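What the coordinates show
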Amino acid sequence: MNGEIKRVVVVGGGTAGWLAACHLAKQLEPSTNRGISVTLVDSPDIPTIGVGEGTVPVMRDTLKYFGISEVEFIKRCDVTFKQSIKFVDWEVAPRDGHSTYYHHLFDFPNIRPFNPTPYWLSNNAINKTHFADLVSVQSHVCELGLAPKLNRDGEFSGLFNYAYHLDAGKFTQMLSEHGTAELGISNIKANVERVHLNDGGEIIHLETDSAGVISGDMFVDCTGFKAMLIEKSMGAKFIDKSDVLLTDTALAIQIPYEDENTPIPPFTISTAQKHGWIWDIGLTQRKGVGYVFSSDHQSEDQAVHTLAEYLGQSAAQIEPRKISMKVGYQKQAWIKNCVAMGLSQGFVEPLEATGLLMFDVTARMFSEALPDFKEDMPLRAKRFNEDICQMWESTSDFIKLHYYLSKREDSQFWVDNRDPQSISTELAEKLQMWQRKLPSQFDFRHTVDSFRVSNYLYVLYGMNFNTELNGRYAQYHNVEAINKLRTEIEKGVKYCKSNLLSHREYLEKVRKLS
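For every chain, the first residue of the written sequence is number 1, and numbering continues from 1 onward in sequence order. Confidence filtering applies because this is a predicted model: local features only for residues at pLDDT of at least 70, side-chain atom pairs given and counted only at 80 or more, and all residues used for totals across whole chains, interfaces and linings. To obtain the side-chain values, all non-hydrogen atoms of the structure were included, while hydrogens and water were left out.

1. Brief notes about the overall build of the chain
Here is the rule we go by: Per the convention used, a helix needs a DSSP run of H or I reaching at least four residues, while a strand needs a run of E reaching at least two, with both numbered from the N terminus. Three labels apply to residues, based on accessible area from a 1.4 Å probe with only protein chains included: buried if under 20% of the type maximum, exposed if over 50%, partly exposed otherwise in between. Note on contacts: a residue pair qualifies if any of its non-hydrogen atoms lie within 4.5 Å across the two residues. Note on areas: Shrake-Rupley with a 1.4 Å probe; residue coverage comes only from the protein chains shown. Asp and Glu are treated as the negative residues and Lys and Arg as the positive ones, with His and the ends of the chain left uncounted. Where a charge sits is defined by one atom per residue type, namely NZ (Lys), CZ (Arg), CG (Asp) or CD (Glu).
A count of helices and strands for the chain gives 15 helices and 21 strands. Projected onto its principal axes, the C-alpha positions of the chain cover 70 × 55 × 50 Å. In the chain, buried positions account for 56% of the 514 residues. Considering only contacts within the chain whose residues lie at least 6 apart along the sequence, 75% involve residues at least 24 apart. Here the chain displays about 22500 Å² of accessible surface, and carbon together with sulfur accounts for 46% of that area. Separation between the mean location of the 54 positive side-chain charges and that of the 65 negative ones in the chain comes to 4 Å.

The structure is reproduced here in structure tokens:
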């Protein structure tokens, strides 16, 4: 066979670039396979964006797969644990200083073999409890500020499912060091100035400012929103989702703790505002805070005031970094011998840490789909592109769900987000179905979807979505089962209070490990 694929070139560093390179190196093993190379070319002039600094639980599997120590990761990257996202003021606007909230937990809801959801929907005494509090111990653990792990738990294991908050710049540095030292990745510091194609439209080499010509058989575009290879050279078409997801700008800032003993929430805090929402992420030494808003509904100056008010400061006291977001995805992420990863591939705002999720998962998918020979590429690219489009569409639906279910009417931003014309047919059909049917795993037809029934349950009933109980749902009499579940939850909470350390205390113990 001709057209062997032996030289893979990743263009662009940052977290996405190094995740892609590490996934490829794990598959191709350039350290031991003769003639195989994975090369990452990144500019020494471009800083890491680091939007959000939040992950989802799949990152644990990735770090373990790469061979990275969890303890070293925690110590080097200012890591804290993330067990949920706490959504504040999303259902209704705060009134007289009173806020509402719900948790989107990482533990699966306790709904099998007994499903308490119909009781929660129909019983006024029970539904005074947050849905998450009824179906999981983890929401109680979050509110108590406890770590998800016992002292005896090993790396990547815990009493509860968890992800991480991290310093994106330090994480990128760790990935680059591990990738080059342990996985055999070559790193070239240079700016790509020109991309050269052959007569068949494939990339043959890159022309750089300081490293000469770099040739390859497969090229991975991690150049961020500018999509230097996939759009400018390969002519990919971008599917704009800004008519669905209305936020397009973020203002990010780092805030040091006033006291080194300040409690660290083991969850992301997402607080809705009149024209967007604010993330609040606690790392070990500082907080990462950012305001995501719609520039069509609020000016940048007004947005700075909104962020300052949240921080309890004046607008003159803060200097946030502005990040313009290109919301949407590539219709074809893989064209000939070029594939887009990271922001080059797509982005749908950082509400559910979808950025690092998609960067990580799609890089793993591509590394396993990459063929040995170019003649196998068209079919694999076709299937990859179909899956990627589905993943971005379903992710867009899940993010939109948070806005669409809101009952807020305090600004045009929320009114526009609740417009039925702004949601997909797929999401509209699901919501119509769930008005008279409890959500089920079988309502999700695509295995590649990142968010499934457990995620939807937390958001739907966290925001008090109304499922009308009728027919076989109309009568529920198993009082013994609901009381047993509530007793189990209470016992679990009591156990956690006695056996789990506070989040900060646990992290301090980890940082002292050799």
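Additional details are given in the paragraphs that follow.
2. Concerning the state of the cysteines
As a reminder of what qualifies: For this text, the term disulfide refers to a pair of cysteine sulfurs within 2.5 Å.
Following the criterion strictly, the structure yields 0 disulfides and no others. The closest cysteine sulfur to the non-disulfide-bonded Cys77 is located on Cys22, 12 Å from its own sulfur. The exposure class of Cys77 is buried, given its relative accessible area of 0%. As a non-bridged cysteine, Cys496 has Cys142 as the owner of its nearest cysteine sulfur, 10 Å distant. Judged by relative accessible area, Cys496 falls into the buried class, the value being 2%.

3. Overview of the pattern of salt bridges
Heads up, the rule is: Should a side-chain nitrogen of Lys or Arg be within 4 Å of a carboxyl oxygen of Asp or Glu, the pair is scored as a salt bridge.
Tallied over the full model, the rule gives 22 salt bridges. Across the salt bridge formed by Asp78 and Lys170, the nearest N and O atoms sit 2.8 Å from each other. With Asp78 in the loop between α3 (70–76) and β3 (80–82) and Lys170 in helix α7 (residues 168–182), this residue pair connects regions lying 92 residues apart in the sequence. What makes Lys170 partly exposed here is its relative accessible area of 37%. Here Glu426 and Arg445 are joined by a salt bridge, their closest N and O atoms 2.6 Å apart. Taken as a pair, Glu426 in helix α12 (residues 425–434) and Arg445 in the loop between α12 and α13 (453–462) lie far apart in primary sequence, 19 residues in all. You can call Arg445 exposed: its relative accessible area is 60%.

4. Notes on the nonpolar core
Convention followed: What makes a nonpolar core is a set of buried Ala, Val, Leu, Ile, Met, Phe, Trp, Tyr and Cys residues whose side-chain atoms join them at distances within 4.5 Å.
The biggest cluster of nonpolar side chains holds 140 residues, and the ones touching the most others in it are Phe73, Trp90, Val220 and Phe366. The element best represented in this core is helix α10 (residues 377–404), accounting for 11 residues. Excluding residues that lie within four positions of it along the chain, Phe73 makes contacts with Leu63, Ile68, Val79, Tyr164, Leu166, Phe171 and Met174. Residues Ala190, Val192, Val195 and Ala236 belong to the second largest nonpolar core, which totals 19 residues.

5. Description of helix α2 (residues 58–66)
Within the sequence span of α2, burial applies to Met59, Arg60, Thr62, Leu63, Tyr65 and Phe66. Close packing links the buried residues of α2 with α1 (14–28), α3, β6 (163–165), α7 and α9 (354–369).

6. What to know about unusual backbone geometry
With an omega dihedral of 0 degrees, the bond running from Arg112 to Pro113 counts as a cis peptide bond. Mapping Pro113 onto the fold places it in the loop between β5 (101–105) and α4 (117–122).

7. Re the side chain of Glu349
Put simply, the test is: Polar contact criterion, stated in full: a pair of N or O atoms within 3.5 Å, where within protein one must be able to donate a hydrogen and the other to accept it, and residues adjacent in sequence count only if both atoms are side-chain atoms.
By the secondary structure assignment, Glu349 is in the loop between β21 (346–347) and α9. Salt bridges are absent for the buried Glu349, whose nearest opposite-charge side chain, Lys400, sits at 8.9 Å. At a separation of 2.7 Å, a polar atom in the side chain of Glu349 contacts the side chain of Thr247. Here Tyr403 takes part through its side chain, which lies 2.9 Å from a polar atom of the side chain of Glu349. Once you skip the residues sitting within four places of it in the chain, Glu349 turns out to touch Thr247, Trp277, Val292, Met325, Thr354, Ile399 and Tyr403.

8. Re the sheet that holds strand β7 (residues 186–189)
Our working definition: When DSSP locates at least two bridges between a pair of strands, those strands are taken to pair.
The mixed open sheet is built from 6 strands, whose spatial order is β7-β2-β1-β11-β20-β19. Strands with a single pairing partner mark the edges of an open sheet, and in this sheet they are β7 and β19 (334–335). Here β19 runs beside strand β20 (residues 338–340); their pairing, made up of 2 bridges, is antiparallel. Following the sheet pairing, Trp334 is matched in β20 by Val339.

9. A word on the pairing of β5
Taking burial as the measure, the 5 residues of β5 include 4 buried ones, the bulk of the element. Bridge count between strand β4 (residues 84–88) and β5: 5 bridges; the pairing is antiparallel. The residue bridging Val88 from the neighbouring strand is Tyr101, located in β5.

10. Some details on the packing of aromatic side chains
In this description, a pair of aromatic rings is defined by centroid distance and the angle of the planes. Spelled out, the test is: Only Phe, Tyr and Trp rings take part, Trp by its six-membered ring, and two of them pair if their centres are within 6.5 Å. Stacked means planes under 30 degrees apart, edge-to-face means over 60, and tilted covers everything else.
Under the defined criterion, the tally for this structure stands at 30 aromatic pairs. The interplanar angle of 65 degrees and the centroid separation of 5.5 Å between the aromatic rings of Phe73 and Phe171 together place this pair among those described as edge-to-face. In this pair, Phe73 is assigned in helix α3 and Phe171 in helix α7, connecting sequence segments 98 residues apart. A single burial state applies to Phe73 and to Phe171, both of which are buried. With a centroid separation of 5.7 Å and an interplanar angle of 40 degrees, the aromatic rings of Tyr403 and Trp414 are classed as tilted. In this pair, Tyr403 sits in helix α10 while Trp414 sits in helix α11 (residues 412–417), placing the two residues 11 residues apart along the sequence. The exposure class assigned to Tyr403 is buried, which follows from its relative accessible area of 1%.

11. Considering the environment of Gly346
When you line up the elements, Gly346 lands in strand β21. Judged by relative accessible area, which is 1%, Gly346 ranks as buried. Separated by 99 residues in sequence, Gly346 and Thr247 place their C-alpha atoms 15 Å apart.

Scope: geometric values only; no functional claims are made or implied.
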